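Tertiary structure, described
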Amino acid sequence: RYMDRDEYLAGPTQKQWVFLHHTAGWHNPVNVVSSWNNDTRGKIATEFVIGGQSVTGNDNSYDGMLVQAFPAGAYAWHLGIGNNNMHRNSVGIELCIFSWVKNGKTYVNTPVAASQIVELDKPFRGFSCWHRYSDKQLETLKKLLLFVAKRDSIDITKGLPELIKQKGAEAFDICDIAMCRNKPGLWSHSNVDRGKFDVFPQPEL
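Attention here is on the structure that accompanies the text. (Residues numbered from 1 in each chain as written. Predicted model: local features only at pLDDT ≥ 70, side-chain atom pairs only at ≥ 80, totals over all residues. Heavy atoms only, no water.)

**Regarding the sheet that holds strand β5 (residues 100–101)**
- Pairing within the open sheet is antiparallel, and its three strands lie in the order β5-β7-β6. In this open sheet, the two edge strands, each paired with only one partner strand, are β5 and β6 (117–124).
- Both β6 and strand β7 (residues 127–131) contribute to a ladder of four bridges, which runs antiparallel. In the sheet register, glutamate 119 faces β7, and the bridge partner there is cysteine 129. (Pairing = 2+ DSSP bridges. Helix = DSSP H or I, 4+ residues; strand = E, 2+ residues; numbered from the N terminus.)

**Notes on the packing of aromatic side chains**
- Under the defined criterion, the tally for this structure stands at twelve aromatic pairs.
- Measuring from centroid to centroid gives 5.5 Å for tyrosine 75 and tryptophan 77, while their planes differ by 80 degrees, and the two rings are edge-to-face.
- Note on tyrosine 75: relative accessible area 11%, which makes it buried.
- Relative to tryptophan 130, the ring of phenylalanine 127 lies with its centre 6.3 Å away and its plane at 85 degrees, an arrangement referred to as edge-to-face. In terms of burial, phenylalanine 127 and tryptophan 130 fall into one category: buried.
- Members of the aromatic cluster, connected to one another through ring pairs, are Trp26, Phe98, Trp100, Tyr107, Phe124, Phe127, Trp130, Tyr133, Phe197 and Phe200.
- For the cation-ring pair, arginine 5 lies above tyrosine 8, with the distance from its terminal atom to the ring centre recorded as 5.1 Å. (Phe/Tyr/Trp six-rings, centres within 6.5 Å; stacked < 30°, edge-to-face > 60°. Buried < 20%, exposed > 50% of the residue type's maximum accessible area, 1.4 Å probe, protein only. Lys NZ or Arg CZ within 6 Å of the ring centre and 35° of its normal.)

Structure below.
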């Protein structure tokens with residue numbers, strides 16, 4: 001589902017990093033890519049988007065669906081840390097969820113189906129309850145990470161997975177651009193931007 005040619009940078013670039021994101025929005029990955037294609041913010045997107053469950057519990061038809069927004073080797077702005085090597089040479093993957101949940105509702109006051117709420121043992125960036133990454137999303141993510149690792153020769157056991165073994169869920173809350181730059185591999189957007197909530201430390205993730 002490639003965006004228009006003026007909505008991404010063709011590259012090619014040699015990928016060394018993978019960064020995980022979530023959309024903080026609705027569940028249809030085709031609509032996510034279409035919105036990037038039609039907005040006026042410039043070349044902002046990730047290569048891949050994985051669909052999820054409707055937060056209200058009435059539509060699972062996009063759950064686990066994978067959409068590619070532009071060709072391999074191309075890139076768009078997805079980290080918000082400037083035009084640098086790590087940004088250009090990273091693959092972005094978005095999971096379609098609504099982010100944190102408070103009093104059973106999203107940040108835009110949409111009620112969340114009870115089965116889609118996960119409560120963490122320890123709050124992450126101020127919030128204990130979150131819209132859950134679905135089992136189908138995580139299965140698609142696993143397959144996609146293995147594919148990207150092979151396609152781009154990226155060691156996805158490095159980075160955040162190593163940090164999780166040392167720090168547990170706290171690894172998602174550590175924000176250090178230099179740390180990520182010096183350790184190619186797999187990271188979360190939260191590891192390079194203190195103001196971001198994606199991705200959160202759901203145990204299944």
